[in-house]
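Residue-level listing of the chains:
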Amino acid sequence: MTFREKIADFVLENRTSGQLSALAISGLKEGLESESLLILAGMSEKDNHFELEQYFSQMLSELEIVLPSKLEAANTLITVYLSQMVDEPEKGFDIMTKIHNEVYQANEWTKSNPSLKNEFQGQALGLEYLYTWYRELQDFGDGNRLIYYHELSLEEQKKKFENHLIEEAKNWLELNTK
């Protein structure tokens, strides 16, 4: 993950203040420069969390970075993960599980953004079509009744579900990264 992607991950509370020094090291590797960035990169998870957070805030100010909203952070991470899914389709289910755990469940999206629809699972983040196939793959793995492709062998069913998941990842990226 890039520096900004790690910041988005922090906003969604997937990273603790103890991991801020590793985040700062990423910034240095990307060529960013700031006094607080250097100090934060030299700190460790054993340092005082208030000091870590103080240097993190100063670093953001010095680099003129505004923390993204949770929704912006979610879209950043979804873009990262779906791009990985398209590049490595064999990891599609595992990556979708990561999206589910680290992004979708990171917030009650409709409470913090009442204008978002949430009639279907994932809809608040535009992931409802991905969830259709993710749920089918979960049911497949659990041995539960499947909704689609009953006429196919189990192996062919799974392959269809995986292919649909990747196609929906491509569709999401096309619609949301222009």
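Note that the coordinates shown come from a computational prediction; the quantities given were computed from them, not determined experimentally.

Participant: Can you help me understand the packing of helix α5 (residues 70-87) against helix α9 (residues 154-176) in this one?
Facilitator: Two numbers describe a pair of packed helices, the interaxial angle and the distance between the axes. Interaxial distance between α5 and α9 falls to 9 Å at its minimum, and their mutual angle equals 135°. One way to sum up the angle between α5 and α9 is to call them oblique. In the packing of α5 onto α9, the handedness of the crossing is left-handed. Where α5 approaches α9, its residues N75, I78, T79, L82, S83, M85 and V86 are matched on the opposing element by L165, I166, A169, K170, W172 and L173. Partitioned by chemical class, the residues of the contact of α5 with α9 number nine nonpolar, three polar and one charged.

Participant: Even after reading the chapter, I still don't get the packing of aromatic side chains, so can you show me in this structure?
Facilitator: Two aromatic rings, taken as a pair, are described by how far apart their centres are and by the angle between their planes. A full pass over the atoms with the stated rule returns eight aromatic pairs. Grouping aromatic residues by their ring pairs yields a cluster made of F93, Y104, Y131 and Y134.

Participant: What is the right way to read the pattern of salt bridges from this model?
Facilitator: When charged atoms on two side chains of opposite charge get close, those side chains can pair. Across all of its chains, the model carries six salt bridges by this definition. In this structure, K158 and E162 form a salt bridge, with 3.9 Å as the shortest nitrogen-oxygen distance. Separated by four residues within a single helix, K158 and E162 lie in helix α9, roughly one turn from each other. Residue classification places K158 among the partly exposed residues on the basis of a relative accessible area of 36%. Across the salt bridge formed by K170 and E167, the nearest N and O atoms sit 3.5 Å from each other. Separated by three residues within a single helix, K170 and E167 lie in helix α9, roughly one turn from each other. Given a relative accessible area of 41%, E167 falls into the partly exposed group.

Participant: What is the right way to read the packing of helix α8 (residues 128-142) against α9 from this model?
Facilitator: Here α8 crosses α9 at 155°, and the two axes come no closer than 8 Å. In terms of orientation, α8 lies roughly antiparallel with respect to α9. In this structure, α8 meets α9 at a crossing whose hand is left-handed. Touching Y129, L130, W133, Y134, E136, L137 and F140 of α8 are L154, Q157, K158, F161, E162, H164, L165, E168, A169 and W172, all from α9.

Participant: Just to check I follow, could you spell out the environment of L40 for this structure?
Facilitator: Structurally, the position occupied by L40 is in helix α3 (residues 35-41). Its relative accessible area of 0% is what places L40 among the buried residues. Measuring from C-alpha to C-alpha, the distance between L40 and E51 comes to 9.0 Å, with 11 residues separating the pair along the chain. When sequence neighbours within four positions are dropped, the list of residues in contact with L40 reads L20, S21, A24, L52, Y55, F56 and M59.

Participant: Looking at this structure, how should I read the side chain of D9?
Facilitator: In this structure, D9 sits in helix α1 (residues 3-11). We classify D9 as buried; its relative accessible area is 5%. A polar contact of 2.9 Å, which involves the side chain of D9, links it to the side chain of N14. Those residues in contact with D9 that lie beyond four places of it in its chain are M1, N14, R15, L77 and E102.

Rules used throughout
- Residues numbered from 1 in each chain as written.
- Predicted model: local features only at pLDDT ≥ 70, side-chain atom pairs only at ≥ 80, totals over all residues.
- Heavy atoms only, no water.
- Axes fitted to C-alpha atoms, helices over the stretch in contact; angles between N-to-C directions.
- Helix = DSSP H or I, 4+ residues; strand = E, 2+ residues; numbered from the N terminus.
- Parallel < 35°, antiparallel > 145°, perpendicular 65-115°, else oblique.
- Left-handed = near helix turned anticlockwise from the far one by under 90°.
- Contact = heavy atoms within 4.5 Å.
- Nonpolar A, V, L, I, M, F, W, Y, C, P; charged D, E, K, R; others polar.
- Phe/Tyr/Trp six-rings, centres within 6.5 Å; stacked < 30°, edge-to-face > 60°.
- Salt bridge = Lys/Arg side-chain N within 4 Å of Asp/Glu carboxyl O.
- Buried < 20%, exposed > 50% of the residue type's maximum accessible area, 1.4 Å probe, protein only.
- Polar contact = N/O pair within 3.5 Å; in protein donor to acceptor, adjacent residues only side chain to side chain.

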